[in-house]
Amino acid sequence: MQKNPILWVNFWAAAIALALFSFAQEKPAEHAHHGAFMQGGMHHAVAKGVTLDSKVDSNAHSVTLRVGPMNLPANTDHMKMPQPPDLIWAVPFEGWLLGYHPRLADSNGNTIPGTTLHHTAFWNENRADFLCPNKEEHIFGAGSEMTDWAELPGYGYHVQKGDKIRIETMMYNPTATSYDKVYLEVVIPFQAAGDGADPARKNAYPAWMDVASCGNSGYDLPAGKSTKSGTVTVKYDGVLLGVGGHLHDYGRQVVLQNSSRKETVATLNAKADAEGRLESVPVKLFLQEGGYRFSANDVLKISAAYDNPTGKLLRDGAMGIAVGYFVPANDKAMAALRRKAKPTHDMATMSHDH
């Protein structure tokens, strides 16, 4: 483990910051035969003409993924907005993905407010999640805050050439301004395997610990104060290097506990504005301890507390997720998570590589 915790705090505070807002849910899109698709039980019209373009910059060691174009009329919620279909990026190299830098832009490259991104989620169809093997591995997520996932010195997310990364995106536009021909861009720095200029990376795995356990993350939020809890079981020895949390508006707290040891791993108290709208959730790092150690068969309990002042039930209005990075004691054991990708979805579009 890294021996300089002060240096690592700076990197990890940035790197895990997206865990404050990152989006996790069970397989987000199932395409129906009537020209709409279901997302966590929700039906949407499919946006036409949206494709995925990928460009590899070998000199900069980065890939830019571009989803679009998308038209975003003003004052349109996510239920009424036509949504992009699932899109597939076939990874063109073996190596490590080191970070994720999202932004929204128009066709001229001008930045569009991130408030129009409801969420994006990247899933590796060739790997199962190590906590919830019924799910594909969720490697990256972002909401309207558009926070970067910074590079982790010495670590990366390992991919093999041909891995299929499914990109699911949901847009909305709560602003009074319409935006046309909008693109979601995600720049991903990478290190190719066998690159003699840099030593091989250690493999880190995204850990998504959900109050819905291994089901759909979204749930109905009752009026007033409420708490929802769920459990997941760790199947591998290893360490959690840090943890953040994801809540929706009116969320107050995420708590991660190790029930097997009767220990509280982290209590994350949310920051909200005067109306209860979520602003941030803190990050807890375990660097000075060398990581919080998990043992195989440890049962983790995740709890999310809300206080909904609206006086009504908010359909699909809540999530409660603790998100961190897991480093296994035996990386070879993680090879069991690899699997063949499902056939490409009918409405998914393979990326055009340059």
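Residues numbered from 1 in each chain as written. Predicted model: local features only at pLDDT ≥ 70, side-chain atom pairs only at ≥ 80, totals over all residues. Heavy atoms only, no water.

1. Section: the state of the cysteines
Put simply, the rule is: When two cysteine sulfur atoms lie within 2.5 Å, the pair is treated as a disulfide. Helix and strand assignments come from DSSP, with helices taken as H or I runs of at least 4 residues and strands as E runs of at least 2, each series counted from the N terminus. The buried label applies to any residue whose accessible area, calculated with a 1.4 Å probe on protein chains only, is under 20% of its type's maximum; exposed applies above 50%, and partly exposed to all values in between.
In this structure the tally under the stated criterion is one disulfide. Between Cys132 and Cys214 runs a disulfide, and the two sulfur atoms are separated by 2.0 Å. Its S-S torsion of about -75° marks the bond between Cys132 and Cys214 as left-handed, since a negative value means left-handed. Residue Cys132 is located in the loop between β10 (117-128) and β11 (136-142), and its partner Cys214 is located in the loop between β16 (205-210) and β17 (219-221); the two are separated by 82 residues in the primary sequence. Residue Cys214 is classed as partly exposed on the basis of its relative accessible area of 25%.

2. What about the pairing of strand β4 (residues 51-57)?
Rules: We call two strands paired when DSSP finds no fewer than two bridges between them.
Pairing geometry for β4 and strand β5 (residues 62-72), over seven bridges, is antiparallel. Following the sheet pairing, Thr51 is matched in β5 by Gly68.

3. A closer look at the sheet that holds strand β26 (residues 299-308)
Selection criterion: Structural elements are reduced to axes, namely lines fitted to C-alpha atoms, with helices fitted over the stretch in contact, and the angle between N-to-C directions of any two is expressed from 0 to 180 degrees.
If you walk across this open sheet you meet the four strands as β18-β26-β20-β21, and the pairing is antiparallel. Two strands in the sheet have a free side with no partner beyond their single neighbour: β18 (224-233) and β21 (263-269). If you compare each strand with its neighbour and ignore which way they point, the axes differ by 15° on average. Where β18 meets β26, ten bridges bridge the pair, whose relative direction is antiparallel. Across the sheet, residue Thr233 finds its bridge partner in β26, namely Val299.

4. Comments concerning the packing of aromatic side chains
Put simply, the rule is: To pair, rings of Phe, Tyr and Trp, with the six-membered ring standing in for Trp, must have centres within 6.5 Å; the planes then decide the type, stacked if under 30 degrees apart, edge-to-face if over 60, and tilted in the middle.
If you walk through the whole model with that rule in mind, you get ten aromatic pairs. Here Phe93 and Phe190 contribute two aromatic rings whose centre-to-centre distance is 4.2 Å and whose plane-to-plane angle is 20°, an arrangement assigned as stacked. Of this pair, Phe93 sits in the loop between β6 (87-90) and β7 (95-97) while Phe190 sits in strand β14 (residues 179-192), and the two are 97 residues apart along the sequence. On the accessibility criterion, Phe93 (10% relative accessible area) is buried. Members of the aromatic cluster, joined through ring pairs, are Phe130, Tyr236, Phe286, Tyr292, Phe294 and Phe326.

5. A closer look at the environment of Leu117
Keep this limit in mind: Contacts between residues were defined by any pair of non-hydrogen atoms, one from each residue, lying within 4.5 Å.
With respect to the element layout, Leu117 can be found in strand β10. A sequence separation of 56 residues divides Leu117 from Asn173, and the C-alpha atoms of the two residues are 7.7 Å apart. The residues contacting Leu117, other than those within four sequence positions of it, are Leu104, Ala142, Gly143, Ser144, Met146, Thr169, Met170, Met171 and Tyr172.

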